[in-house]
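# An overview of the molecular structure
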Amino acid sequence: MKNFKPGIFILLISMLLISCKLTGKKENLQTKSKIANPIIEGYFADPCIVKEGDTFFIYATIDPWGGDELAVFSTKDFVKFERHHLNWPIKKACTSPGSNGSMVWAPSVKKAANGKYYMYVSVGSEIWAGVSDAPLGPWKNAKEDSSPLISSKDYPAVHNIDADCFIDEDGQAYLYWGSGFNWINGVCMATKLNSDMISFDGEPKAVTPKDYFEAPYMIKRFGKYYLMYSSGKAIDATYKVGYAVGNSPLGPFETAANSPILETSADSTTYGPGHHSVFNEKGQNYILYHRIFPQKEEYVLRQICIDSLNFDANHNILKIKPTGISSF
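Once a new chain begins, its residue numbering starts again from 1 and follows that chain's sequence as written. Given that the model is predicted, a residue must reach a pLDDT of at least 70 before its local features are reported, and side-chain atom pairs must reach 80 or more before they are shown or counted; all residues, however, enter totals for whole chains, interfaces and linings. With hydrogens and water set aside, each side-chain value is computed from the structure's full complement of heavy atoms.

Runs of E in the DSSP output that reach at least two residues are strands. Runs of H or I that reach at least four are helices, and both are numbered from the N terminus. Helix and strand counts for the protein chain stand at 1 helix and 21 strands. If one aligns the C-alpha atoms of the protein chain with their principal axes, the spans along those axes are about 95 × 45 × 45 Å. The buried label applies to any residue whose accessible area, calculated with a 1.4 Å probe on protein chains only, is under 20% of its type's maximum; exposed applies above 50%, and partly exposed to all values in between. Counting over 328 residues, the protein chain shows a buried share of 52%. Put simply, 48% of the contacts in the protein chain that link residues at least 6 apart link residues at least 24 apart. For the protein chain, the accessible area works out to roughly 15900 Å², and carbon and sulfur atoms hold 54% of it. Once the 33 positive and 34 negative side-chain charges of the protein chain are each reduced to a mean point, those two points are 10 Å apart. Here a residue-residue contact requires only that any non-hydrogen atoms of the pair lie within 4.5 Å. Computed with a 1.4 Å probe, the accessible areas rest on the Shrake-Rupley method; for each residue, only the protein chains presented here act as cover. Only four residue types enter the tally: Lys and Arg on the positive side, Asp and Glu on the negative side, with His and both chain ends excluded. All charge positions are set by atom: Lys at NZ, Arg at CZ, Asp at CG, Glu at CD.

Once that is clear, we can look at the sheet that holds strand 3 (residues 55-62). One bridge is not enough; two strands pair if DSSP finds at least two bridges between them. Pairing within the open sheet is antiparallel, and its 4 strands lie in the order 2-3-4-5. Of all the strands in the sheet, just strand 2 (44-52) and strand 5 (82-84) have a single pairing partner and so form its edges. When strand polarity is set aside, the average angle formed by the axes of neighbouring strands in this sheet is 25°. Here an angle of 0 to 180 degrees is reported between the N-to-C directions of two axes, which are lines fitted to C-alpha atoms, with helices fitted over the stretch in contact.

Throughout this description, the term nonpolar core refers to a set of buried Ala, Val, Leu, Ile, Met, Phe, Trp, Tyr and Cys residues connected via side-chain atoms within 4.5 Å. Core analysis: the largest hydrophobic core is formed by 20 residues, its most contacted members being Tyr120, Ile150, Cys165, Leu175, Trp177, Leu193 and Met197. The set of elements that each furnish at least two residues to this core consists of strand 7 (117-123), strand 8 (126-132) and strand 11 (173-177).

Checked against the element boundaries, alanine 234 lands in the loop between strand 15 (224-231) and strand 16 (240-246). Classification of alanine 234 by relative accessible area gives buried; the value is 6%. In contact with alanine 234, other than residues within four places in its own chain, are Trp183, Glu214, Tyr239, Ile292 and Val300.

Before going further, it helps to spend a moment on the pattern of salt bridges. Once the charged atoms of two side chains with opposite charge are near each other, the side chains can pair. Here, a salt bridge means any Lys or Arg side-chain nitrogen found within 4 Å of an Asp or Glu carboxyl oxygen. Enumeration according to the criterion identifies 9 salt bridges in this entry. We note a salt bridge from lysine 76 to aspartate 54, for which the minimum N-O separation is 3.5 Å. One end of the pair, lysine 76, is in the loop between strand 4 (71-75) and strand 5; the other, aspartate 54, is in the loop between strand 2 and strand 3, with 22 residues separating them in the sequence. Close ionic contact of aspartate 168 with lysine 220 constitutes a salt bridge, the shortest N to O distance being 3.4 Å. Taken together, the residues span a long stretch of sequence, with aspartate 168 in the loop between strand 10 (164-167) and strand 11 and lysine 220 in strand 14 (residues 214-221) at a distance of 52 residues. Overall, lysine 220 belongs to the buried group, its relative accessible area being 19%.

With that settled, the discussion passes to the packing of aromatic side chains. Each aromatic ring pair is characterised by the separation of its centres together with the angle its planes make. Aromatic pairing here means that ring centres of Phe, Tyr or Trp (its six-membered ring) are within 6.5 Å. Orientation follows from the plane angle: under 30 degrees is stacked, over 60 is edge-to-face, and everything else is tilted. Following the criterion strictly, the structure yields 16 aromatic pairs and no others. Centroid distance phenylalanine 44 to phenylalanine 73: 5.1 Å. Interplanar angle 75°. Geometry classified as edge-to-face. A residue pair is termed long-range when its members are at least 10 positions apart, and phenylalanine 44 in strand 2 and phenylalanine 73 in strand 4 qualify at 29 residues. As far as burial versus exposure is concerned, phenylalanine 44 and phenylalanine 73 are alike and both buried. Pairing tryptophan 183 with phenylalanine 213 gives two aromatic rings, centres 5.8 Å apart and planes at 40°, and the pair type is tilted. Here tryptophan 183, found in the loop between strand 11 and strand 12 (189-192), pairs with phenylalanine 213, found in the loop between strand 13 (205-206) and strand 14; they are 30 residues apart in sequence, far enough to count as distant. Classification of phenylalanine 213 as buried rests on a relative accessible area of 5%.

Take the side chain of serine 74 next. Within the secondary structure layout, serine 74 lies in strand 4. Of the polar contacts made by the side chain of serine 74, one reaches the side chain of histidine 84; its length is 2.7 Å. Not counting the four nearest positions on each side in its chain, serine 74 is found in contact with Thr55, Phe56, Phe57, Lys80, Phe81, Glu82 and His84. In protein, a polar contact means a hydrogen-donor-capable atom and an acceptor-capable atom, both N or O and within 3.5 Å, with residues adjacent in sequence counting only if both atoms are side-chain atoms; elsewhere, any N or O pair within 3.5 Å suffices.

This is how it looks when you write it as structure tokens:
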């Protein structure tokens with residue numbers, strides 16, 4: 001041990017410890033660099049999303065087939081989620097003489113030009129409208145008489161569910177809704193909303209793309225209006241996301257040549273994906289949707305998923321290969 005030099009030995013040990021520490025950090029970063037599907041534990045469906053400050057709020061149906069309330073989650077990174085409970089909508093508060101037994105489904109939440117949040121939600125196969133000053137409420141029925149915005153009797157040929165509110169770049173709001181009965185005859189209704197967000201500027205009209213069934217969702221990109229929707233049966237592998245394009249928020253809309261853009265994968269990892277929403281973060285578009293978790297009961301269980309949404313040089317939406325996304 002004549003040549004033993006304590007200083008060099010200590011230096012080598014320190015370098016080794018630093019190397020291990022950095023390697024551990026690198027592995028940890030690699031682990032966190034991917035957000036895998038499903039993003040939330042449990043069974044939820046029909047997600048919509050808003051962002052307030054640095055926090056995202058996701059509203060969704062509770063499976064199976066809805067609950068007495070909605071599921072609501074907040075997150076800043078899509079890794080950690082906190083669940084919340086809203087005072088409205090609940091089944092008891094959203095029941096009219098025309099309501100059926102259907103529970104609380106399919107929310108659409110948007111921040112309007114007046115700074116308030118509006119929610120359009122399906123309860124009892126009717127569409128109800130709520131208003132709040134903040135994403136987590138307190139919420140209340142936006143109508144003074146506490147009635148549904150669209151009752152089951154208003155448009156008899158339409159299953160009056162699955163509302164989506166779209167707010168154009170000029171602040172003008174539009175409402176889309178509608179499904180079919182017995183997995184056929186899906187109808188998409190559309191109307192311009194007045195500034196109160198609960199009355200219609202003109203008579204609603206059908207703008208139904210040829211392969212539409214339900215769950216409309218409108219986005220605007222490249223000066224065009226993309227009416228996205230679900231087709232097929234919500235209970236099996238035929239459920240999928242398609243889109244049609246128009247020059248006006250009220251159409252007419254032409255189904256895109258490469259529609260659908262999200263469907264059951266060859267290995268069935270993604271099974272029956274649909275009823276989605278879209279948001280943009282730091283210049284990247286994302287699609288938030290549910291997929292079916294197959295099981296043998298008489299109902300479906302669904303999981304919330306996220307993937308990137310991209311366009312080609314001709315402004316067509318590219319087909320989505322469900323892989324999850326990179327970390328925010």
